[in-house]
Amino acid sequence: MSEIAATVAIMAPPEGVRAPAYTAEELARYDGIVQRYARHVYNIAYRMTGNQADARDLSQEAFLRVYRALRRVQPGAPLESWLYRIVSNLYIDLLRRRPRARVESLVTPIETARGEMVREFPDIAANPEAVFEREHIDAEIQQALGVLSPELRMVLVLSDIEGFAYEEIAAILRVPLGTVKSRLHRARQVLQQRLRPYVEAQRRGWRP
Amino acid sequence: MNHHRAGRLLSAYVDGELTAAEARAVQEHLLDCAACRDAHDRLRATRDLLAGLPPAEPPAEFWANLRHPIAQGSVPSGVWMLRGAAARLRAAWRAGAWAPWRWVAVRRPAWALAAVAAMLMLAALPLVKGTVDRLHATEIGVDLYVHDHAMQMGHAPLVDRAYVGLVAGDAELVLAGETPRPVGDNVR
């Protein structure tokens, strides 16, 4: 936990940095926010983007906004909804700025001159020894998350990975409760098909 | 409860997010329906599989960058840039770097005034010219611009930069700390 300890140190901005002149108290408050939320923000960003570099950029951008708005944030106000909504918006922003990296649902058929074609995936159960290692499973799950549309993925990440209740997710994403329910149900159905061998193993009480 | 409706409620049932009456109805259906029991078990296993993912570990430099959010990469806002410039000018004045200019200002105020006026004019010239150009461009281009955005908004509202900027922009900052608005509950 040395990284966290590092963030506890009072943040004297280095020489020549153009930062708003915050008092030590305000900087300590910012530090408190970082400690409380940074791991969650990073985790959500990582599960959404699927790679470290984008997750880091998204999280840093989100906290930069907190930093700039520090005086407008009431002390002790719960920032969860606001922060996670920023992450969600920043991710959508990222997709828009990078149209070539646009996430396309892999389960939708591809249109070709000879009609629609469905993508084929390698059978994940083909190599039984390697398949049930923790890292391999994590990678498979992350890849399966990437198959989902951003909307479905965000609901799934907030619910099943971050453990939010439906009401909270509805508040974070500003969508009706019924939308949260239906998105989550659809997302789990898609994942369950993609990850069938693991789901079956999990059902039989197996743990990696 | 019919099979189709129970099927749609299974995820919420797994999460304990149904009303007591709905949950009872689903439970009764599960006793009768092997297919729904199977679907229920698979949904729960899927959820548990995701819940078992370890939290992603941020890289080491992540924490250092969060400590000094302004120092890295991001563009500082105009206000901070002006403040920084003003601070540097003040420092230069104190350090005596402006001594020759101070002499001019004191001994020949008219020269100094003329010099300042000339500097201001030189600085203002591109601004004025830019504004005139823009005004001119609007006269020609406004129809095209509006037409373009109207088409784009109708076609794909979330792709229109101006529109999305409006929806997802910094306007949200004001809302921090505000009590959340009641969430629409139109389906339950």
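Residues numbered from 1 in each chain as written. Chains lettered and ligands numbered in written order. Predicted model: local features only at pLDDT ≥ 70, side-chain atom pairs only at ≥ 80, totals over all residues. Heavy atoms only, no water.

## Brief notes about the overall build of chain A
Then step 1. In terms of regular secondary structure, chain A is built from 10 helices and two strands.
Then step 2. From first element to last, N terminus to C terminus, chain A shows the α and β order α-α-α-α-β-β-α-α-α-α-α-α.
Then step 3. The burial tally for chain A puts 48% of its 208 residues in the buried class.
Then step 4. In chain A, the share of contacts with a sequence separation of at least 24, taken over all contacts with a separation of at least 6, comes to 66%.
Then step 5. For chain A, the computed accessible surface area is about 10500 Å², with 51% contributed by carbon and sulfur atoms. (Helix = DSSP H or I, 4+ residues; strand = E, 2+ residues; numbered from the N terminus. Buried < 20%, exposed > 50% of the residue type's maximum accessible area, 1.4 Å probe, protein only. Contact = heavy atoms within 4.5 Å. Areas by Shrake-Rupley, 256 points an atom, 1.4 Å probe, with all protein chains shown as cover.)

## A few points about unusual backbone geometry
A negative phi holds for most residues other than glycine; trans holds for most peptide bonds.
Then step 1. Within the chain, R174 of chain A stands out as a residue other than glycine whose phi angle is a positive 55°.
Then step 2. Its location among the elements puts R174 of chain A in the loop between α8 (166–173) and α9 (177–194).

## Some remarks on the environment of D41 of chain B
Then step 1. Along the chain, D41 of chain B turns up in helix α3 (residues 34–51).
Then step 2. Separated by 27 residues in sequence, D41 of chain B and V14 of chain B have C-alpha atoms that sit 8.8 Å apart.

## Description of the packing of aromatic side chains
Then step 1. All told, the structure shown has six aromatic pairs over all chains when counted by the stated rule.
Then step 2. Residues F62 of chain B and W63 of chain B carry aromatic rings whose centres are separated by 5.4 Å and whose planes lie at 75° to one another, so their mutual orientation is edge-to-face.
Then step 3. Note on W63 of chain B: relative accessible area 3%, which makes it buried.
Then step 4. Ring pairs connect the aromatic residues Y42 and Y46 of chain A together with F62 and W63 of chain B, which therefore count as one cluster.
Then step 5. One residue, R108 of chain B, lies across the ring of W111 of chain B, its end atom 5.4 Å from the ring centre. (Phe/Tyr/Trp six-rings, centres within 6.5 Å; stacked < 30°, edge-to-face > 60°. Lys NZ or Arg CZ within 6 Å of the ring centre and 35° of its normal.)

## A closer look at the pattern of salt bridges
Then step 1. What the rule picks out here adds up to 16 salt bridges over all chains.
Then step 2. Linking R39 of chain A and E57 of chain B is a salt bridge whose minimum nitrogen-to-oxygen distance equals 3.2 Å. Taken as a pair, R39 of chain A in helix α2 (residues 24–49) and E57 of chain B in the loop between α3 and α4 (60–67) lie in two separate chains rather than in one.
Then step 3. The salt bridge involving R47 of chain B is made with D15 of chain B; its shortest N-O contact spans 3.4 Å. With a gap of 32 residues between them, R47 of chain B in helix α3 and D15 of chain B in the loop between α1 (3–14) and α2 (20–32) connect regions that are remote in the sequence.
Then step 4. Classification of R47 of chain B as partly exposed rests on a relative accessible area of 22%. (Salt bridge = Lys/Arg side-chain N within 4 Å of Asp/Glu carboxyl O.)

## Section: the confidence of the model for chain B
All names here are of chain B.
Then step 1. For chain B, per-residue confidence averages 75 on the pLDDT scale, and 63% of positions sit at 70 or higher.
Then step 2. Scored below 50 in pLDDT, residues 170–178 makes 18 contacts in the model with residues more than four places away or belonging to other chains.
Then step 3. Low pLDDT, under 50, characterises residues 183–188; the stretch is placed with 13 contacts to residues that sit more than four places away or in other chains.
Then step 4. The ipTM assigned to the predicted complex is 0.73, against a pTM of 0.60. (pLDDT = per-residue confidence, 0-100.)

## Re the side chain of T49 of chain A
Residue and element names in this part refer to chain A.
Then step 1. Along the polypeptide, T49 turns up in helix α2.
Then step 2. A polar side-chain atom of T49 sits 2.8 Å from the main-chain carbonyl oxygen of A45.
Then step 3. Beyond its immediate stretch of four places on either side in the chain, T49 contacts D54, A55, L58, Y91 and L94. (Polar contact = N/O pair within 3.5 Å; in protein donor to acceptor, adjacent residues only side chain to side chain.)

## Regarding helix α10 (residues 196–203) of chain A
Residues and elements named next belong to chain A.
Then step 1. Along α10, the residues classified as buried are Y198, V199, A201 and Q202. Considered in projection along α10, the buried side chains sweep an arc of 160° and stay on one side of the axis.
Then step 2. Phi turns positive one or two residues past the end of α10, at G205, with a value near 85°. (Arc of directions from axis to C-beta.)

## Focus: the confidence of the model for chain A
Then step 1. Looking at chain A, pLDDT values average 80 and 73% of them are 70 or higher.
Then step 2. Predicted confidence for residues 1–18 of chain A stays below pLDDT 50, and this span has 29 contacts to residues more than four positions away or in other chains.

## Quick notes on a nonpolar patch on the surface
Then step 1. A grouping of L127, V128 and V132 of chain B is seen on the molecular surface, where their side chains present a nonpolar patch of about 300 Å² in accessible area.
Then step 2. You can call V128 of chain B exposed: its relative accessible area is 52%. (Patch = residues over 30% accessible without salt bridge, like charges linked within 9 Å, V, L, I, M, F, W, Y side chains within 5 Å.)

## Regarding the side chain of E22 of chain B
Residue and element names in this part refer to chain B.
Then step 1. Within the secondary structure, E22 sits in helix α2.
Then step 2. A distance of 3.1 Å separates a polar atom in the side chain of E22 from the backbone nitrogen of T19.
Then step 3. Each residue touching E22, except ones within four places of it in the same chain, is listed here: M1 and R5.

## A few points about the packing of helix α3 (residues 52–68) of chain A against helix α4 (residues 80–97) of chain A
All names here are of chain A.
Then step 1. The interhelical angle for the contact between α3 and α4, taken along N-to-C directions, is 130°, at an axis separation of 10 Å. One way to sum up the angle between α3 and α4 is to call them oblique. Handedness of the crossing formed by α3 with α4: right-handed. Across from D54, L58, E61, A62, F63, R65 and V66 in α3, the residues of α4 making contact are W82, L83, I86, V87, L90, Y91 and L94.
Then step 2. A class-by-class count of the residues in the contact of α3 with α4 yields 11 nonpolar, no polar and three charged. (Axes fitted to C-alpha atoms, helices over the stretch in contact; angles between N-to-C directions. Parallel < 35°, antiparallel > 145°, perpendicular 65-115°, else oblique. Left-handed = near helix turned anticlockwise from the far one by under 90°. Nonpolar A, V, L, I, M, F, W, Y, C, P; charged D, E, K, R; others polar.)

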